[in-house]
Amino acid sequence: NIFAIMPFSDGGELYDYTLQATATTHAGRACSCIPEDHARGIFRQIVEGTSHMHSCFIVHSDLSPENVMIERGNPVVAKIIDFGMSKHVLPKTDGTNGSHMLPPLRGGKRFYLAPEIWQERPYRYDGYLADIWSIGVMLFIMITGSPPVDRADDQCARFNMICKGKILDMLNQRRNEVPTLTASAQDLITRILIPE
């Protein structure tokens, strides 16, 4: 017999945790998203976990709310899981940015993939930066209740806005659908979801 012994996470996936949380939109409607002050602690743990992986030269390649487990408590504990697509990748030593790896062939969950993967531009790929993009999308979902794009292609207006760096314009267009976001949250999202 083989026994897998793992820590117990009673809050389920971050995805489900987000759906069960409630915040209020500009229009006064309930939104399935995590209130910003609560999301801050969860996101900090995700950033710290990602930073630790990267300091060990590990690229996760599949960061998403489905791959973060929640342990309820005060404070809530977030745990990154599912390293099935992760790779040990040493950074380049020739002075250029990036890493010596090819992007996953649209592996991972589509909503969380960086634009260079969607647009099949492998020469622009950096696994470390792609992980950062993925956690930016996770933050966006946690505090707005929906992904930044409906689909990752040129026919999607929101996708085009993100690729042009117009995330704040997109948030303003959706003002009645999402909760009031602080200026610092909006600033953080625009600094993480940078298409180039």
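As a reminder, the structure under discussion sits directly above these lines.
Residues numbered from 1 in each chain as written. Predicted model: local features only at pLDDT ≥ 70, side-chain atom pairs only at ≥ 80, totals over all residues. Heavy atoms only, no water.

> I'd like a rundown of the side chain of Thr50, residues and numbers included.
With respect to the element layout, Thr50 can be found in helix 2 (residues 36–55). If near-sequence neighbours (up to four positions away) are discounted, Thr50 is found in contact with Leu63, Ile80, Asp131, Ile132 and Ile135. (Helix = DSSP H or I, 4+ residues; strand = E, 2+ residues; numbered from the N terminus. Contact = heavy atoms within 4.5 Å.)

> Describe helix 4 (residues 127–144), naming the residues involved and giving the relevant values.
The first and last C-alpha atoms of helix 4 sit 26 Å apart over 18 residues, in line with the 26 Å expected at 1.5 Å per residue. Burial analysis of helix 4 places 16 of its 18 residues in the buried class, the great majority of the element. Where helix 4 starts, the residue carrying a side-chain oxygen 2.9 Å from the main-chain nitrogen of Tyr128 turns out to be Asp126. Following helix 4 by one or two positions, Gly145 adopts a phi angle in the positive range, close to 85 degrees. (Expected span 1.5 Å × (residues − 1). Buried < 20%, exposed > 50% of the residue type's maximum accessible area, 1.4 Å probe, protein only. Polar contact = N/O pair within 3.5 Å; in protein donor to acceptor, adjacent residues only side chain to side chain.)

> Describe the packing of helix 4 against helix 7 (residues 183–192), and please don't skip the residues or the numbers.
Axis separation between helix 4 and helix 7 bottoms out at 9 Å; the angle between their running directions is 150 degrees. As the angle between them shows, helix 4 and helix 7 are arranged roughly antiparallel. Along this stretch, helix 4 crosses helix 7, giving a crossing that reads as left-handed. Touching Ile132, Trp133, Gly136, Leu139, Phe140 and Ile143 of helix 4 are Ala185, Leu188, Ile189 and Ile192, all from helix 7. In the contact of helix 4 with helix 7, the residues fall into nine nonpolar, one polar and no charged. (Axes fitted to C-alpha atoms, helices over the stretch in contact; angles between N-to-C directions. Parallel < 35°, antiparallel > 145°, perpendicular 65-115°, else oblique. Left-handed = near helix turned anticlockwise from the far one by under 90°. Nonpolar A, V, L, I, M, F, W, Y, C, P; charged D, E, K, R; others polar.)

> I'd like a rundown of the environment of Gly28, residues and numbers included.
Within the element layout of this structure, Gly28 appears in the loop between strand 1 (23–24) and strand 2 (30–31). Sequence-wise, Gly28 and Glu177 are 149 residues apart; in three dimensions their C-alpha atoms are separated by 9.5 Å.

> Tell me about the pairing of strand 5 (residues 77–80), and name the residues and values.
Only one face of strand 5 is covered, namely the face carrying Ala78 and Ile80; the face carrying Val77 and Lys79 is uncovered. The pairing of strand 4 (residues 68–71) with strand 5 spans four bridges and is antiparallel. Its bridge partner being in strand 5, Glu71 is matched across the sheet by Val77. Linkage of strand 4 to strand 5, two consecutive antiparallel strands, is achieved through a turn of five residues, within which Gly73 is found at a positive phi near 160 degrees. (Pairing = 2+ DSSP bridges.)

> Before we move on, can you summarise the environment of Met138 with the specific residues and values?
Note on placement: Met138 falls in helix 4. For Met138, a relative accessible area of 1% corresponds to the buried category. Residues Met138 and Pro65, spaced 73 residues apart in sequence, show a C-alpha to C-alpha distance of 6.2 Å.

> Can you break down the pattern of salt bridges residue by residue, with the values?
Tallied over the full model, the rule gives three salt bridges. In this structure, Glu48 engages Arg44 in a salt bridge whose closest nitrogen and oxygen atoms are separated by 3.0 Å. A residue pair is termed a helical-turn pair when its members lie 3 or 4 positions apart in one helix, as Glu48 and Arg44 do in helix 2 at four residues. Overall, Glu48 belongs to the partly exposed group, its relative accessible area being 43%. Here Arg191 makes a salt bridge to Asp187, at a shortest N to O gap of 2.8 Å. Separated by four residues within a single helix, Arg191 and Asp187 lie in helix 7, roughly one turn from each other. Taking the relative accessible area as the measure of exposure, Asp187 reaches 36% and is therefore partly exposed. (Salt bridge = Lys/Arg side-chain N within 4 Å of Asp/Glu carboxyl O.)

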